[in-house]
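Read off the chains here:
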Amino acid sequence: MIKIGIVGYGNLGRGVECAVSKSNDMELVGVFSRRNPETVKTHTNVPVYEMKKVYDMKDQIDVLVLCGGSANDLPKQTAELAEHFNVIDSFDTHAKIPEHFEDVNKASVNGKHISIISVGWDPGLFSLNRLYGQAILPNGNDYTFWGKGVSQGHSDAIRRIEGVKDARQYTIPVEVSLESVRNGENPDLTTRQKHTRECFVVAEEGADLERIENEIKTMPNYFSDYDTTVHFISEEELMRDHKGIPHGGIVFRTGTTGFDNENKHVMEYKLTLDSNPEFTSSVLVAFARAAYRLASEGQYGCKTIFDIAPAYLHPATGEELRKNLL
Ligand code: NDP
(Lines give C-alpha, C1' and ligand atoms only; values in the text may rest on other atoms or scores of the structure.)
Protein backbone atom coordinates (compact mmCIF):
# COMPACT_ATOMS: atom_id res chain seq x y z
CA MET A 1 0.00 0.00 0.00
CA ILE A 2 1.18 3.50 -0.86
CA LYS A 3 0.80 5.70 2.21
CA ILE A 4 -0.51 9.17 1.33
CA GLY A 5 -0.63 12.37 3.39
CA ILE A 6 -2.65 15.43 2.35
CA VAL A 7 -1.36 18.93 3.10
CA GLY A 8 -4.13 21.55 3.08
CA TYR A 9 -7.80 20.68 3.17
CA GLY A 10 -9.71 22.82 0.65
CA ASN A 11 -11.35 21.70 -2.60
CA LEU A 12 -8.32 19.74 -3.78
CA GLY A 13 -7.65 18.27 -0.34
CA ARG A 14 -11.20 16.91 -0.25
CA GLY A 15 -10.82 15.63 -3.83
CA VAL A 16 -7.60 13.78 -2.99
CA GLU A 17 -9.27 12.21 0.04
CA CYS A 18 -12.01 10.93 -2.26
CA ALA A 19 -9.63 9.70 -5.00
CA VAL A 20 -7.38 7.87 -2.52
CA SER A 21 -10.42 6.16 -0.98
CA LYS A 22 -11.12 4.71 -4.44
CA SER A 23 -7.55 3.54 -5.13
CA ASN A 24 -6.95 -0.03 -4.03
CA ASP A 25 -3.19 0.38 -3.77
CA MET A 26 -3.31 3.47 -1.53
CA GLU A 27 -4.21 4.41 2.01
CA LEU A 28 -4.63 7.83 3.58
CA VAL A 29 -2.53 8.40 6.69
CA GLY A 30 -3.84 11.85 7.55
CA VAL A 31 -4.59 15.43 6.62
CA PHE A 32 -2.25 18.22 7.74
CA SER A 33 -3.70 21.71 8.05
CA ARG A 34 -2.53 25.14 9.19
CA ARG A 35 -5.89 25.61 10.88
CA ASN A 36 -6.85 24.22 14.28
CA PRO A 37 -7.35 20.50 13.45
CA GLU A 38 -10.51 20.40 15.57
CA THR A 39 -12.17 22.86 13.18
CA VAL A 40 -11.39 20.78 10.05
CA LYS A 41 -13.83 17.92 9.46
CA THR A 42 -12.83 15.35 6.85
CA HIS A 43 -15.33 13.39 4.81
CA THR A 44 -13.99 9.94 5.71
CA ASN A 45 -13.03 10.79 9.30
CA VAL A 46 -9.35 10.39 8.50
CA PRO A 47 -7.41 12.19 11.27
CA VAL A 48 -6.46 15.86 10.89
CA TYR A 49 -3.14 16.98 12.37
CA GLU A 50 -1.58 20.37 12.84
CA MET A 51 0.98 21.13 10.15
CA LYS A 52 4.17 20.72 12.22
CA LYS A 53 3.19 17.18 13.22
CA VAL A 54 4.00 16.04 9.68
CA TYR A 55 7.73 15.97 10.48
CA ASP A 56 7.13 13.44 13.29
CA MET A 57 5.32 11.17 10.85
CA LYS A 58 7.99 10.97 8.13
CA ASP A 59 8.29 7.20 8.40
CA GLN A 60 4.54 6.69 8.00
CA ILE A 61 4.17 8.65 4.74
CA ASP A 62 5.34 7.65 1.25
CA VAL A 63 4.02 10.68 -0.67
CA LEU A 64 2.60 14.01 0.47
CA VAL A 65 0.01 15.50 -1.88
CA LEU A 66 0.17 19.28 -1.49
CA CYS A 67 -3.23 20.92 -1.92
CA GLY A 68 -2.52 24.55 -1.02
CA GLY A 69 -3.20 27.53 -3.26
CA SER A 70 -0.73 28.44 -6.01
CA ALA A 71 -0.61 32.15 -5.21
CA ASN A 72 0.64 32.06 -1.62
CA ASP A 73 0.88 28.50 -0.26
CA LEU A 74 2.74 26.26 -2.72
CA PRO A 75 5.77 28.49 -3.46
CA LYS A 76 6.68 28.12 0.22
CA GLN A 77 5.19 24.75 1.22
CA THR A 78 6.45 22.62 -1.68
CA ALA A 79 10.07 23.74 -1.37
CA GLU A 80 9.98 23.35 2.43
CA LEU A 81 8.47 19.85 2.45
CA ALA A 82 10.37 18.53 -0.60
CA GLU A 83 13.54 18.22 1.46
CA HIS A 84 11.86 15.75 3.84
CA PHE A 85 9.19 13.98 1.75
CA ASN A 86 8.29 12.80 -1.73
CA VAL A 87 5.83 15.51 -2.75
CA ILE A 88 3.48 16.41 -5.56
CA ASP A 89 1.70 19.71 -6.24
CA SER A 90 -0.59 21.39 -8.78
CA PHE A 91 1.21 24.76 -8.97
CA ASP A 92 -0.53 26.60 -11.79
CA THR A 93 1.04 30.06 -12.05
CA HIS A 94 2.42 29.32 -15.54
CA ALA A 95 4.95 32.18 -15.67
CA LYS A 96 6.54 31.16 -12.36
CA ILE A 97 6.89 27.42 -13.01
CA PRO A 98 10.63 27.61 -13.96
CA GLU A 99 11.42 29.45 -10.71
CA HIS A 100 9.27 27.04 -8.66
CA PHE A 101 11.02 24.09 -10.33
CA GLU A 102 14.47 25.45 -9.37
CA ASP A 103 13.47 25.94 -5.70
CA VAL A 104 11.80 22.56 -5.35
CA ASN A 105 14.54 20.71 -7.25
CA LYS A 106 17.20 22.10 -4.91
CA ALA A 107 15.28 20.86 -1.85
CA SER A 108 14.51 17.45 -3.39
CA VAL A 109 18.12 16.86 -4.39
CA ASN A 110 19.28 17.89 -0.90
CA GLY A 111 16.90 15.47 0.77
CA LYS A 112 17.20 12.80 -1.96
CA HIS A 113 13.42 12.73 -2.50
CA ILE A 114 11.19 12.86 -5.58
CA SER A 115 8.94 15.82 -6.30
CA ILE A 116 6.53 16.30 -9.19
CA ILE A 117 5.23 19.84 -9.67
CA SER A 118 2.43 21.49 -11.69
CA VAL A 119 0.36 18.33 -12.03
CA GLY A 120 -3.31 18.69 -12.97
CA TRP A 121 -4.99 19.44 -16.29
CA ASP A 122 -3.63 22.91 -17.10
CA PRO A 123 -0.80 22.84 -16.36
CA GLY A 124 -0.77 19.08 -16.61
CA LEU A 125 -2.62 16.91 -19.12
CA PHE A 126 -3.07 19.90 -21.47
CA SER A 127 0.68 20.62 -21.33
CA LEU A 128 1.41 17.02 -22.23
CA ASN A 129 -0.96 17.17 -25.21
CA ARG A 130 0.62 20.42 -26.41
CA LEU A 131 3.99 18.64 -26.23
CA TYR A 132 2.73 15.60 -28.18
CA GLY A 133 1.19 17.91 -30.79
CA GLN A 134 4.35 19.93 -31.38
CA ALA A 135 6.58 16.86 -31.42
CA ILE A 136 4.41 14.98 -33.90
CA LEU A 137 3.32 17.86 -36.16
CA PRO A 138 6.22 20.33 -36.17
CA ASN A 139 4.64 22.16 -39.11
CA GLY A 140 1.49 23.34 -37.38
CA ASN A 141 -0.33 25.53 -34.88
CA ASP A 142 -1.41 25.21 -31.23
CA TYR A 143 -4.79 26.27 -29.94
CA THR A 144 -6.08 26.00 -26.37
CA PHE A 145 -9.68 26.84 -25.49
CA TRP A 146 -10.97 26.79 -21.91
CA GLY A 147 -14.50 26.13 -20.71
CA LYS A 148 -17.27 26.12 -20.36
CA GLY A 149 -16.12 26.53 -16.80
CA VAL A 150 -15.95 28.59 -13.65
CA SER A 151 -12.94 30.86 -13.34
CA GLN A 152 -12.23 31.37 -9.66
CA GLY A 153 -10.00 34.39 -10.36
CA HIS A 154 -12.64 36.19 -12.43
CA SER A 155 -15.40 35.38 -9.91
CA ASP A 156 -13.20 36.83 -7.14
CA ALA A 157 -12.54 39.97 -9.22
CA ILE A 158 -16.30 40.61 -9.52
CA ARG A 159 -16.80 40.04 -5.79
CA ARG A 160 -14.33 42.85 -5.07
CA ILE A 161 -16.62 45.40 -6.80
CA GLU A 162 -18.58 47.63 -4.38
CA GLY A 163 -22.19 46.50 -4.09
CA VAL A 164 -21.52 42.88 -5.11
CA LYS A 165 -22.43 40.21 -2.58
CA ASP A 166 -21.43 37.13 -4.57
CA ALA A 167 -20.66 36.14 -8.15
CA ARG A 168 -19.82 33.28 -10.49
CA GLN A 169 -18.03 33.76 -13.82
CA TYR A 170 -18.04 31.25 -16.68
CA THR A 171 -15.44 31.24 -19.45
CA ILE A 172 -16.99 29.98 -22.70
CA PRO A 173 -15.21 29.12 -25.97
CA VAL A 174 -16.56 30.82 -29.11
CA GLU A 175 -18.16 28.04 -31.17
CA VAL A 176 -17.39 29.43 -34.67
CA SER A 177 -13.71 29.73 -33.76
CA LEU A 178 -13.67 26.12 -32.47
CA GLU A 179 -15.19 24.95 -35.75
CA SER A 180 -12.69 26.92 -37.81
CA VAL A 181 -9.78 25.31 -35.92
CA ARG A 182 -11.40 21.89 -36.24
CA ASN A 183 -11.70 22.38 -40.00
CA GLY A 184 -7.96 22.95 -40.21
CA GLU A 185 -8.37 26.58 -41.35
CA ASN A 186 -5.55 27.75 -39.02
CA PRO A 187 -7.30 31.03 -38.10
CA ASP A 188 -5.47 33.89 -36.37
CA LEU A 189 -7.73 34.48 -33.37
CA THR A 190 -7.82 37.54 -31.13
CA THR A 191 -8.58 37.17 -27.40
CA ARG A 192 -12.17 38.27 -28.09
CA GLN A 193 -12.61 35.69 -30.84
CA LYS A 194 -11.54 32.78 -28.62
CA HIS A 195 -13.67 33.16 -25.45
CA THR A 196 -16.68 34.98 -24.08
CA ARG A 197 -17.39 35.60 -20.40
CA GLU A 198 -20.75 35.15 -18.68
CA CYS A 199 -21.26 36.51 -15.17
CA PHE A 200 -23.96 35.73 -12.61
CA VAL A 201 -24.00 38.40 -9.95
CA VAL A 202 -25.82 38.79 -6.63
CA ALA A 203 -25.96 42.49 -5.80
CA GLU A 204 -26.42 44.11 -2.38
CA GLU A 205 -29.89 45.54 -1.85
CA GLY A 206 -30.22 48.99 -3.43
CA ALA A 207 -26.90 48.72 -5.32
CA ASP A 208 -26.52 50.54 -8.65
CA LEU A 209 -26.74 47.63 -11.11
CA GLU A 210 -25.79 49.71 -14.15
CA ARG A 211 -22.56 50.85 -12.48
CA ILE A 212 -21.70 47.28 -11.41
CA GLU A 213 -22.29 45.94 -14.92
CA ASN A 214 -20.17 48.70 -16.40
CA GLU A 215 -17.35 48.12 -13.90
CA ILE A 216 -17.31 44.43 -14.76
CA LYS A 217 -17.32 44.90 -18.54
CA THR A 218 -14.56 47.50 -18.53
CA MET A 219 -12.28 45.84 -15.95
CA PRO A 220 -8.79 45.73 -17.50
CA ASN A 221 -7.03 42.33 -17.81
CA TYR A 222 -10.14 40.45 -16.67
CA PHE A 223 -13.04 41.53 -18.91
CA SER A 224 -12.27 44.51 -21.15
CA ASP A 225 -10.83 42.33 -23.95
CA TYR A 226 -13.86 39.99 -24.03
CA ASP A 227 -17.53 40.09 -24.94
CA THR A 228 -19.07 39.84 -21.48
CA THR A 229 -22.67 39.21 -20.44
CA VAL A 230 -23.85 40.09 -16.94
CA HIS A 231 -26.97 38.59 -15.29
CA PHE A 232 -28.20 39.78 -11.91
CA ILE A 233 -29.75 36.93 -9.93
CA SER A 234 -30.84 36.20 -6.36
CA GLU A 235 -28.67 34.50 -3.77
CA GLU A 236 -31.02 31.48 -3.89
CA GLU A 237 -30.59 31.18 -7.66
CA LEU A 238 -26.81 31.36 -7.34
CA MET A 239 -26.83 28.58 -4.74
CA ARG A 240 -29.30 26.48 -6.71
CA ASP A 241 -27.92 26.81 -10.24
CA HIS A 242 -24.27 27.77 -9.88
CA LYS A 243 -22.76 26.01 -6.89
CA GLY A 244 -20.76 23.47 -8.90
CA ILE A 245 -17.18 24.04 -10.09
CA PRO A 246 -17.29 22.68 -13.66
CA HIS A 247 -14.48 23.29 -16.13
CA GLY A 248 -12.64 21.79 -19.05
CA GLY A 249 -11.42 22.77 -22.45
CA ILE A 250 -9.78 21.65 -25.66
CA VAL A 251 -6.17 21.49 -26.80
CA PHE A 252 -5.71 21.36 -30.57
CA ARG A 253 -2.67 20.85 -32.74
CA THR A 254 -3.37 21.34 -36.40
CA GLY A 255 -0.67 20.76 -38.97
CA THR A 256 0.35 19.33 -42.27
CA THR A 257 2.56 16.53 -43.59
CA GLY A 258 3.60 15.48 -47.09
CA PHE A 259 6.37 16.89 -49.29
CA ASP A 260 4.03 19.64 -50.49
CA ASN A 261 2.20 19.88 -47.16
CA GLU A 262 -0.77 18.44 -48.96
CA ASN A 263 -2.22 16.46 -46.03
CA LYS A 264 -3.93 18.18 -43.09
CA HIS A 265 -4.18 16.71 -39.59
CA VAL A 266 -6.13 17.78 -36.51
CA MET A 267 -5.27 16.48 -33.03
CA GLU A 268 -7.98 17.29 -30.48
CA TYR A 269 -7.87 16.57 -26.75
CA LYS A 270 -11.03 17.51 -24.88
CA LEU A 271 -11.93 17.57 -21.17
CA THR A 272 -15.48 18.14 -19.89
CA LEU A 273 -15.36 18.24 -16.11
CA ASP A 274 -18.27 18.40 -13.68
CA SER A 275 -15.83 19.20 -10.89
CA ASN A 276 -12.51 20.89 -11.64
CA PRO A 277 -11.02 20.17 -8.19
CA GLU A 278 -12.13 16.51 -8.06
CA PHE A 279 -10.67 15.85 -11.51
CA THR A 280 -7.43 17.70 -10.68
CA SER A 281 -7.17 15.68 -7.47
CA SER A 282 -7.60 12.44 -9.43
CA VAL A 283 -4.70 13.47 -11.67
CA LEU A 284 -2.60 14.26 -8.57
CA VAL A 285 -3.30 10.85 -7.09
CA ALA A 286 -2.26 8.99 -10.27
CA PHE A 287 0.99 10.96 -10.32
CA ALA A 288 1.50 10.32 -6.58
CA ARG A 289 1.69 6.64 -7.58
CA ALA A 290 4.40 7.54 -10.07
CA ALA A 291 6.29 9.52 -7.43
CA TYR A 292 6.22 6.51 -5.12
CA ARG A 293 7.53 4.18 -7.83
CA LEU A 294 10.30 6.56 -8.89
CA ALA A 295 11.35 7.00 -5.26
CA SER A 296 11.33 3.20 -4.78
CA GLU A 297 13.81 2.97 -7.66
CA GLY A 298 16.12 5.37 -5.81
CA GLN A 299 15.50 8.34 -8.12
CA TYR A 300 15.36 11.85 -6.71
CA GLY A 301 14.98 15.49 -7.80
CA CYS A 302 12.12 17.50 -9.24
CA LYS A 303 10.07 16.29 -12.22
CA THR A 304 7.15 17.64 -14.21
CA ILE A 305 4.45 15.82 -16.12
CA PHE A 306 6.82 15.68 -19.13
CA ASP A 307 9.25 13.41 -17.28
CA ILE A 308 6.87 10.69 -16.10
CA ALA A 309 6.50 7.56 -18.23
CA PRO A 310 2.78 6.70 -18.54
CA ALA A 311 3.11 3.16 -17.16
CA TYR A 312 4.12 4.61 -13.77
CA LEU A 313 0.63 6.12 -13.40
CA HIS A 314 -1.41 2.95 -13.71
CA PRO A 315 -1.87 0.49 -10.86
CA ALA A 316 -1.49 -2.53 -13.18
CA THR A 317 1.88 -4.18 -13.89
CA GLY A 318 3.73 -3.64 -17.17
CA GLU A 319 2.80 -7.16 -18.24
CA GLU A 320 -0.93 -6.52 -17.64
CA LEU A 321 -0.76 -3.20 -19.47
CA ARG A 322 0.94 -4.77 -22.51
CA LYS A 323 -1.72 -7.48 -22.63
CA ASN A 324 -4.80 -5.31 -22.12
CA LEU A 325 -4.08 -1.79 -23.29
CA LEU A 326 -1.58 -2.00 -26.17
P1 NDP B 1 -8.84 26.18 -1.74
O2 NDP B 1 -8.90 27.66 -1.59
O3 NDP B 1 -10.10 25.38 -1.59
O4 NDP B 1 -7.76 25.61 -0.68
C5 NDP B 1 -6.46 26.12 -0.57
C6 NDP B 1 -6.00 26.07 0.88
O7 NDP B 1 -6.75 27.00 1.65
C8 NDP B 1 -6.25 24.72 1.53
O9 NDP B 1 -5.18 23.85 1.29
C10 NDP B 1 -6.43 25.05 3.00
O11 NDP B 1 -5.18 25.00 3.69
C12 NDP B 1 -6.96 26.49 2.96
N13 NDP B 1 -8.41 26.49 3.21
C14 NDP B 1 -9.36 25.78 2.55
N15 NDP B 1 -10.58 26.00 3.06
C16 NDP B 1 -10.40 26.90 4.05
C17 NDP B 1 -11.28 27.54 4.97
N18 NDP B 1 -12.59 27.27 5.00
N19 NDP B 1 -10.77 28.44 5.83
C20 NDP B 1 -9.45 28.71 5.83
N21 NDP B 1 -8.55 28.11 5.00
C22 NDP B 1 -9.03 27.23 4.13
O23 NDP B 1 -8.15 25.92 -3.16
P24 NDP B 1 -8.39 24.67 -4.14
O25 NDP B 1 -8.22 23.41 -3.39
O26 NDP B 1 -9.64 24.89 -4.92
O27 NDP B 1 -7.19 24.86 -5.19
C28 NDP B 1 -5.83 24.82 -4.79
C29 NDP B 1 -4.93 25.18 -5.94
O30 NDP B 1 -5.00 24.18 -6.95
C31 NDP B 1 -5.34 26.46 -6.68
O32 NDP B 1 -4.65 27.57 -6.14
C33 NDP B 1 -4.93 26.21 -8.09
O34 NDP B 1 -3.75 26.95 -8.36
C35 NDP B 1 -4.58 24.75 -8.16
N36 NDP B 1 -5.27 24.10 -9.28
C37 NDP B 1 -4.52 23.61 -10.31
C38 NDP B 1 -5.10 23.02 -11.41
C39 NDP B 1 -4.26 22.46 -12.51
O40 NDP B 1 -4.83 21.99 -13.49
N41 NDP B 1 -2.94 22.42 -12.39
C42 NDP B 1 -6.56 22.92 -11.53
C43 NDP B 1 -7.28 23.40 -10.37
C44 NDP B 1 -6.65 23.99 -9.30
P45 NDP B 1 -5.15 24.64 5.28
O46 NDP B 1 -5.94 23.37 5.47
O47 NDP B 1 -3.71 24.50 5.58
O48 NDP B 1 -5.81 25.81 5.97
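Residues numbered from 1 in each chain as written. Predicted model: local features only at pLDDT ≥ 70, side-chain atom pairs only at ≥ 80, totals over all residues. Heavy atoms only, no water.

Going by the annotation in an unreviewed UniProt entry, the name recorded for the protein is Meso-diaminopimelate D-dehydrogenase, with [Eubacterium] hominis given as the source organism. Looking at the Pathway (unreviewed entry) heading of the UniProt record, one finds this comment for the protein: "Amino-acid biosynthesis; L-lysine biosynthesis via DAP pathway; DL-2,6-diaminopimelate from (S)-tetrahydrodipicolinate: step 1/1." Within the UniProt record for the protein, the comment given under Sequence similarities (unreviewed entry) is "Belongs to the diaminopimelate dehydrogenase family." (UniProt positions renumbered as here; feature names shortened; annotations may be inferred.)

Asks: Could you give an account of the nonpolar core, with specific residues and numbers?
Replies: Ranked by size, the top nonpolar core spans 33 residues in total, and within it Ile4, Val16, Val65, Ile88 and Ile116 carry the most contacts. Elements that contribute at least two residues to this core include exactly β1 (2-7), α1 (11-21), β2 (26-33), β4 (63-66), β6 (114-116), α4 (125-136) and α10 (276-296). Here the element with the most residues in this core is α10; it accounts for 8 residues. Look past the residues within four positions of Val16 in its chain and what remains in contact with it is Ile6, Val65, Cys67, Ser281, Leu284 and Val285. Of all hydrophobic cores here, the second largest spans 20 residues; its members include Val7, Met57, Phe91 and Ile117. (Core = buried A, V, L, I, M, F, W, Y, C linked by side-chain atoms within 4.5 Å. Buried < 20%, exposed > 50% of the residue type's maximum accessible area, 1.4 Å probe, protein only. Helix = DSSP H or I, 4+ residues; strand = E, 2+ residues; numbered from the N terminus. Contact = heavy atoms within 4.5 Å.)

Asks: Would you mind going over the site of the ligand in detail, with residue names and values included?
Replies: Contacts to the ligand come from 22 residues, most closely from Leu12, Ser33, Arg34, Ser70 and Asp92. Note that an oxygen atom of the ligand is positioned 2.9 Å from one of the side-chain N or O atoms of Asn11. Asp122 has a polar backbone atom sitting 3.0 Å from an oxygen atom of the ligand. Calculation on the ligand without its partners gives an accessible area of 920 Å², and the protein chains cover 70% of this total. Breaking the shell around the ligand down by element, the ones donating at least two residues are α1 and α10. Considering only residue class, the shell around the ligand consists of 6 nonpolar, 11 polar and 5 charged. (Near = heavy atom within 4 Å. Polar contact = N/O pair within 3.5 Å; in protein donor to acceptor, adjacent residues only side chain to side chain. Areas by Shrake-Rupley, 256 points an atom, 1.4 Å probe, with all protein chains shown as cover. Nonpolar A, V, L, I, M, F, W, Y, C, P; charged D, E, K, R; others polar.)

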